[in-house]
Amino acid sequence: MTTASSASGTTAIEVAGLTRRFRVRSRGFARKEVTAVDGLTLTVGAGESVGYIGANGAGKSTTIKMLAGILVPSAGTVRTCGLEPVRQRRELARRLGVVFGQRSQLWWDLPLAESYRILAAVHSLSPQRERERTAELVERLELGEFLATPVRQLSLGQRMRGEVAAALLHSPALLVLDEPTIGLDVLSKQRLREFLLAERAAHGTTLLLTTHDMGDVSRLCERVLLVDRGRLAYDGSLAGLSKTVGARRVLVVDLAAPAPDLLGVPHAEHLGSEGGGLRQRLAFDDAATTAAAVLSAVSERVEVRDLSVEEPDVEDVVRRIYAAGGR
Amino acid sequence: MADPALRGGRTGWWRPYRAVLASRVRAQTSYRGSFALDLASSVLIGLVELAEIWVLYRSVDALGGLDLAAVLLVFGIADTAFSTADLFVGHVDTLPRYLRAGTLDVFYLRPQPLLAQLVTSEISVRRVTRIGVGLTALVVGLAVNDIAWSPLVVAFLVVVLVASTLTFAGLFVAAAGVQFFLVDASEMTNAVVYGGRYAATQPASVWGKPLVALFGFAVPIAFTAYLPVVALLGLPGAEWLPSWLGWLAPLAAVWTWAVALLAWRTGVRHYQGGGG
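Residues numbered from 1 in each chain as written. Chains lettered and ligands numbered in written order. Predicted model: local features only at pLDDT ≥ 70, side-chain atom pairs only at ≥ 80, totals over all residues.

**Re the nonpolar core**
The nonpolar side chains of a soluble globular protein tend to be buried, and buried together.
Next, step 1: Counting 74 residues, the largest nonpolar core has Val-176 and Leu-208 of chain A as its most contacted members.
Next, step 2: Residue contributions to this core peak at seven residues, all from helix H4 (residues 112–122) of chain A.
Next, step 3: What Val-176 of chain A contacts, discounting residues up to four positions off in sequence, is Ile-64, Leu-67, Leu-96, Val-98 and Leu-208 of chain A.
Next, step 4: Of all hydrophobic cores here, the second largest spans 61 residues; its members include Ala-70, Phe-75, Leu-161 and Val-173 of chain B. (Core = buried A, V, L, I, M, F, W, Y, C linked by C-beta atoms within 7 Å. Buried ≥ 20, exposed ≤ 12 C-beta atoms within 10 Å, placed from the backbone. Helix = DSSP H or I, 4+ residues; strand = E, 2+ residues; numbered from the N terminus. Contact = placed C-beta atoms within 7 Å.)

**Brief notes about the confidence of the model for chain B**
Next, step 1: Residues with a pLDDT of 70 or more make up 95% of chain B, whose mean pLDDT is 88.
Next, step 2: Under the prediction, the complex receives an ipTM of 0.83, its pTM being 0.82. (pLDDT = per-residue confidence, 0-100.)

**Describing the sheet that holds strand S13 (residues 304–310) of chain A**
Residue and element names in this part refer to chain A.
Next, step 1: The strand order across the open sheet formed by four strands is S11-S12-S10-S13, and the pairing between neighbours is antiparallel. In this open sheet, the two strands that pair with only one neighbour each are strand S11 (268–274) and S13. Ignoring which end each strand starts from, the neighbouring axes of this sheet average 20° apart.
Next, step 2: In terms of strand pairing, strand S10 (residues 249–255) meets strand S12 (residues 279–284) through six bridges, oriented antiparallel. Looking at the pairing, Val-252 lines up with Arg-281 of S12.
Next, step 3: Strands in contact with helix H10 (residues 291–301) are S10, S11, S12 and S13; relative to S10, the strand with the most contacts, it is inclined by about 30°. (Pairing = 2+ DSSP bridges. Axes fitted to C-alpha atoms, helices over the stretch in contact; angles between N-to-C directions.)

**A short note on the packing of helix H6 (residues 156–168) of chain A against helix H7 (residues 186–203) of chain A**
Residue and element names in this part refer to chain A.
Next, step 1: Close contact between H6 and H7 brings their axes to 10 Å; oriented N to C, the two are set at 15°. What the angle tells us is that H6 and H7 run roughly parallel. The hand of the H6/H7 crossing is right-handed. Each of Gly-157, Met-160, Arg-161, Val-164 and Leu-168 in H6 lies in contact with H7, whose residues at this interface are Ser-188, Leu-192 and Glu-199.
Next, step 2: Its residues assigned to classes, the contact of H6 with H7 shows four nonpolar, two polar and two charged. (Parallel < 35°, antiparallel > 145°, perpendicular 65-115°, else oblique. Left-handed = near helix turned anticlockwise from the far one by under 90°. Nonpolar A, V, L, I, M, F, W, Y, C, P; charged D, E, K, R; others polar.)

In structure tokens:
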């Protein structure tokens, strides 16, 4: 393990010219080739936290499958945790954790506690390591209340926390999360994000997550990779992405009484009003201001009864980046 | 990263498999009522198939050179071997479901070979009563036939039972390998696997030529019970299946597994899309 950790010490993911083509049946027996991932080249350093975003069908899941050794690349090279995923899959399994938002790695008819006992055996954890790690994850993810409940009876939020613990039980150096917050309520999302931040701070775990939720990206990721039609369209910070495409959040305020359009709020743009000015929508840029600043500017002028903040949508960001690029 | 010194400890290679299997057994036996029903229905199916043979032999004294006593022995060996294989490996025919739901990908995230994980992912405990039916037929069959007992005969029976169980297990695995290509082909593979089980309980001498080609050699079903019984009882056997072939039951198991592992390997390659 000493040599192994030094091999994966600097780069978690190294991908060069990675390409994956699928043959799909188009009509009848005719087949056509579809390129899901197209000459992807990127490096993720150990300890980084990266958001891998893109529209549906952009090639995110295909990339993850190649990183995990499930799919063989059509062309190019891939190294995950310093290993060749397909050839060294079993060794890689000890260093990689994956949470598939849509696929469970828990046993649906068993309680979480038993699933973790089995997974500890699967990863050959020592009894001491198993006890410590399970206790740590149960405490941090607040799993204690439903540890003895069969998985099929858990709520989606509870199950997702259970899945994350399952993927982290063997303390992988790299954690890949495929749509981890899909379908979760606001509170569950928040808890999961806080946990992932704490886990990363405590163990230096590298995070790679695909998501449609820009909230996930802005709170968890230092770096954003945007993939479009299998190609890397952007690699940099979220602030830079927002600057490029103007991905703005939207503050929606419900007022006590109808008011004229709230124009001239600093760093905010009035998008529209409904109900004769009872509900108004203001877009603002995270890089220039905060939701609180916009709200207080609004509150000086009118009485706010209720509010919500809409996160920019990944699909929207993708659309804008191509609009900006003149496509 | 985990401290390497803290890994290991209980590192028997079987520990991951044992942990899964033990939990599956607990899960299946925890609902006592339904488990008891499963056990009972399993026994019933075995008895119905046994009764079928008995009914057949009410109207004929011998079929394909085997009398009722001999055919009971064939049934006993075939059914014990098949049910044992079914208990340990039979659930691999759920692979199409895993493929459709994408849950096979989860196996890729664990540091054990895929096939070993799939085989040990489940165990059909309810089949134990079915094995009981087969064993009963086998014991009765051994008692009512005129067998010159010797250590060699005992060894022969043990080898045949192990080899036949492995042959059927290999059939299940080969069928699973094919599923990678033909996701909805379980009807076809079931025809070979369960048809093979049924054919195994019959005297192969009554088969027509196409059946001999299929279940005599391609899928060596005749080697699981019929040929060993013919060899054991010193019967003449069929002209294209001489009775000394009964000694080659282990070879049939090796052949089946060679085909099974090839089918599995090709199937996995196809799934991963690495050309194949």
